[in-house]
Amino acid sequence: MVWPVDVVQGISQDVHCLASILLRGNGGKSHKERLDFFYAPQAHAYDRFRANFLHGRQPMLAACAARLRGSQGLVWVDMGGGTAENVDMMSHTLDLSVFQKIYVVDICSALCEVARQKVKNRGWKNVEIVEADACTFTPEDPATLITFSYSLTMIPDFMAAIDNAVQHLAEDGIVGVSDFFTSAKYDLPNRQHSYIQRWFWRGLFDVDGIDLGPERRLYLEHQLEPVYEYNALGKIPYLPFVQAPYYQWIGRRRGHTKKNLARFPARASDEFEAKRPPAFPPTFLYSLSWEDPREDDKVLNINKDDTVLTLTSGGCNALDLVYQGARQVVAVDINPAQSYLLELKRIAVIRLPFEDVWSMFGDGVHPKFEKLFKEELTPFLSQGAVNFWTRKSHYFRNGLYYHGGMGRLIRAVRALARITRQQHWIDNLVNAPTLEMQKELWFATVGKWLLRANIVTRISAFFVTNPIVLWFCAGVCKGQLNLIRKEDSIYNYVVRCLNSTAECSHLRDSNYFYRCCLTGKFSRNCCPRFLEEEVFKTLKVDLASDERLLIRTTAFVEELRKRMYTKVILMDHVDWLEQGDIDILCAALKDQVKPGGRVIWRSASRSPKYAKCIEKAGFDVIRITTSDQYMDRVNMYASFYVGIRKGGPKIEESEDMTEKTFAATCTKNECEKLAHADTGESCGRASIPYGPADLHRTVESARNNPQFRGSLTALEIFTTTARHLQGENLHNWLVNGRQLFNLGNRHPQEDQHKQGKLVF
Ligand SMILES: C[S@@+](CC[C@H](N)C(=O)[O-])C[C@H]1O[C@@H](n2cnc3c(N)ncnc32)[C@H](O)[C@@H]1O
């Protein structure tokens, strides 16, 4: 076989470099002499060999560029810039004309010579090669960007070099560093290396005068405030089986508050790469949040004083809570992949224009995801999220929603439709112009088969509803299955969920959950709220403050213990817990939820036992809805609860709350009708009947009103409405309200009002 000449030449250059690195040793007395001795024989081959070796350069430059984009007249000093290869690399992410001046400073004559040649060949006019020591070099103007790319470990007096950089850094400037590294014996979790790693790599590089110890990073962080870091292992050419540790790091002057320099995410010590619990697949289970935020809103009444704790799940609802104005939202999940998904959603909203975000999370496909990811998103993601999305970037090639646990389900639905040539059925169903037509189509086909429950349907259902499929595809755990089985068969449970959803919730205009399940994407007018353009614009501003949304990977109760909350969204995760853990959770809720604060949860059981535990922990517990009726657009749980922490202002007595609930609950006509239904003491009108149908409509219209922001617990609606009724109407309300609101033992007896004992 004849090899092309340049391949042979390339390999011979690499061998030359390797020989210099491994065998040449140290020559010369001064630092400069040693470097000249080391680099002179390999200067001509430097760029080729280092391209596959210095892995941190390009991403560190991209992370700096992402923070500088949009500015002009910048000054960049590349300390220990060698052959000026970094300038070439930077030109791929940032137009070099934004730099008024670029200094490539290097102490080694041979490398400076190669750099000068490069400047000439590229025709760069704003690049100056300076043969000087990084410890003393002084630029004409303060530098907006100072980089040390694989040079800090080679500078013996690193403190002087860092001090010099800090001295010449502009007020709003940043310092970017990438280099090899070994940790201290006890270091931050993301940086920690084992004894062998520390001993081996430090010893190996030491031969060439390169000092990999932790001191340089410690001093950097002593002098500057870190805004970004990424730690990894990188391959070494021609040395199989070993990977050298390296890092990227960006810092700014302490106390500087320029917006795009904010640290995202929080320090590595807070956001270290969490381990995936063994039961979880190596990806997320939910690509969107499977709880209806529209119903949550009504119960939670989020406001600017709220500190909210929620499970992360698909992350859409956490973004929704920020949009609704909560002061701080803490999203926590035990599965790191759920955190990485939310991190990506958050940073995409902050960094990208609407159309890019729509492609990624509306269509689930972005043809330029890799480029956007490297240049705009990676520089602001945690280390875990960068690693995860680097491995999973193909998700955006063939559809985000076809991946993860739930993605398997969506793929299966699509495959089944293809095999049975029923794609048109899906299209017709999700595009049915009215709810009525959707219902007709459903019950003429799938709905009908489900109800008949013949042998074929039962066998198919067995495959879909077995514990393995339900866990890995729908995130339904064993504990939850047992809860369902105690009250019903899984088959009936699923049929109830699907049939009543098809009957009551319009897939074309409103039910984005099942729409995504059937089509693998959202539509512009049927999507989670963060994908609506106006909401997106607000969120872009809101999320830019890193305090508004904290994303944590840990057990729920651990995050609950960290601060006081006004609202806590347990989702359905209490169904997953053993009694011991439920007790720990309830004790934490008791301590950490402020008086008057609210806890909401959903369960696969109509009356989960743990509701009592929450009640005992000092909450007024109200079951808002059950699966006896259509619950919400997700409609796959059996009950929805709120617990109100005792000791807060009394809801029934709060004038404010009464008006708010009342106004929000009723449309204008219904308010009038309620006013008419009053005995007329206030408005002087005679009483008119207000029957169960009116009540139902009142509540439904409030529930379906997207503008609705009032609180809407069953108890509140019930008590507020009762205040406006008297005589026969009040009597009817008390009797019929029982059918609409399950208030448990809070539901007043029919004769209570006659005895003047109407206490809720
Ligand atoms: C591994 S090379 C990296 C070169 C370049 N930054 C890159 O990423 O390709 C390290 C460079 O640091 C330079 N260097 C080491 N000590 C220096 C000092 N005190 N002042 C300026 N340059 C120095 C070396 O000459 C060498 O070019």
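Residues numbered from 1 in each chain as written. Predicted model: local features only at pLDDT ≥ 70, side-chain atom pairs only at ≥ 80, totals over all residues. Heavy atoms only, no water.

### Structural notes on the overall build of the chain
Under the convention used in this document: Strands here mean DSSP runs of E at least two residues long; helices mean DSSP runs of H or I at least four residues long; both are numbered from the N terminus. Accessible surface area values rest on a Shrake-Rupley calculation with a 1.4 Å probe, where residue burial reflects the displayed protein chains alone.
Tallying secondary structure elements over the chain gives 34 helices and 14 strands in all. As displayed, the chain offers around 32,700 Å² of accessible surface, 56% of which is attributable to carbon and sulfur atoms.

### What to know about the packing of helix α7 (residues 158–167) against helix α9 (residues 215–223)
Quick note on the threshold: For helices, the fitted line uses only the C-alpha atoms of the stretch in contact; every axis is such a line through C-alpha atoms, and the angle between N-to-C directions lies from 0 to 180 degrees. Put simply, angles under 35 degrees are roughly parallel, angles over 145 are roughly antiparallel, angles from 65 to 115 are roughly perpendicular, and the rest are oblique. Crossings are classed by handedness, with left-handed meaning an anticlockwise turn of the near helix from the far one by less than a right angle and right-handed meaning a clockwise turn. Note on contacts: a residue pair is in contact if any heavy atoms of the two residues lie within 4.5 Å.
Where α7 contacts α9, the two axes come as close as 10 Å, and the packing angle between them is 30°. Between α7 and α9, the angle falls in the class roughly parallel. Remark: the crossing between α7 and α9 carries right-handed chirality. Listed contacts from α9 to Phe158, Met159, Ile162, Asp163 and Val166 of α7 are Glu215, Arg216, Tyr219, Leu220 and Gln223.

### Here's the deal with the nonpolar core
Nonpolar side chains in soluble globular proteins generally cluster together in the buried interior. Heads up, the condition is: We call a set of buried residues a nonpolar core when its members are Ala, Val, Leu, Ile, Met, Phe, Trp, Tyr or Cys and they connect through side-chain atoms within 4.5 Å of each other. Working definition: with a 1.4 Å probe on protein chains only, accessible area under 20% of the residue-type maximum means buried, over 50% means exposed, and in between means partly exposed. The split of the chain into domains comes from an automatic or database domain assignment.
In this structure, Phe361 and Trp389 are the most contacted members of the largest nonpolar core, which totals 176 residues. If you tally residues by element for this core, the top one is helix α12 (residues 336–351), at nine residues. In terms of domain composition, this core takes at least three residues from each of domain 1 (31–253) and domain 2 (401–519).

### Some thoughts on the site of the ligand
Inclusion rule: To be near a molecule or strand, a residue needs just one of its heavy atoms within 4 Å of it. Pairing of N or O atoms within 3.5 Å defines a polar contact, subject to two protein rules: one partner must be a possible hydrogen donor and the other a possible acceptor, and residues neighboring in sequence count only if both atoms are side-chain atoms.
Neighbouring the ligand are 22 residues, the closest being His31, Arg57, Gly80, Asp106 and Ser149. Here an oxygen atom of the ligand sits 3.1 Å away from a polar atom, N or O, in the side chain of Tyr46. Across the complex, the protein chains shield 98% of the 590 Å² of accessible surface that the ligand would expose by itself. Examining the composition of the shell around the ligand, we find that three residues originate from one element, helix α2 (residues 31–39), more than from any other.

### Thoughts on the environment of Lys371
Summarising the element assignment, Lys371 is placed in helix α14 (residues 369–377). Of the residues examined, Lys371 reaches a relative accessible area of 48% and is grouped as partly exposed. Between the C-alpha atoms of Lys371 and Thr93, which are 278 residues apart in sequence, the distance is 9.8 Å.

### Some details on the pattern of salt bridges
To keep it simple, the criterion reads: Any carboxyl oxygen of Asp or Glu that lies within 4 Å of a side-chain nitrogen of Lys or Arg is treated as forming a salt bridge with it.
Scanning all chains against the criterion turns up 38 salt bridges. Between Glu225 and Arg252 there is a salt bridge whose closest N-O contact spans 3.0 Å. Of the two residues, Glu225 is situated in strand β6 (residues 225–236) and Arg252 in strand β7 (residues 239–252); the sequence distance between them amounts to 27 residues. On the basis of relative accessible area, Glu225 is assigned to the partly exposed category, the value being 21%. Residues Lys537 and Glu534 are paired through a salt bridge, measuring 3.2 Å at the closest nitrogen-oxygen approach. Here Lys537 and its partner Glu534 are both found in helix α26 (residues 533–543), three residues apart, which amounts to about one turn of the helix. Look at Lys537 and you get partly exposed, because its relative accessible area is 43%. Glu534 sits in the exposed class, given a relative accessible area of 55%.

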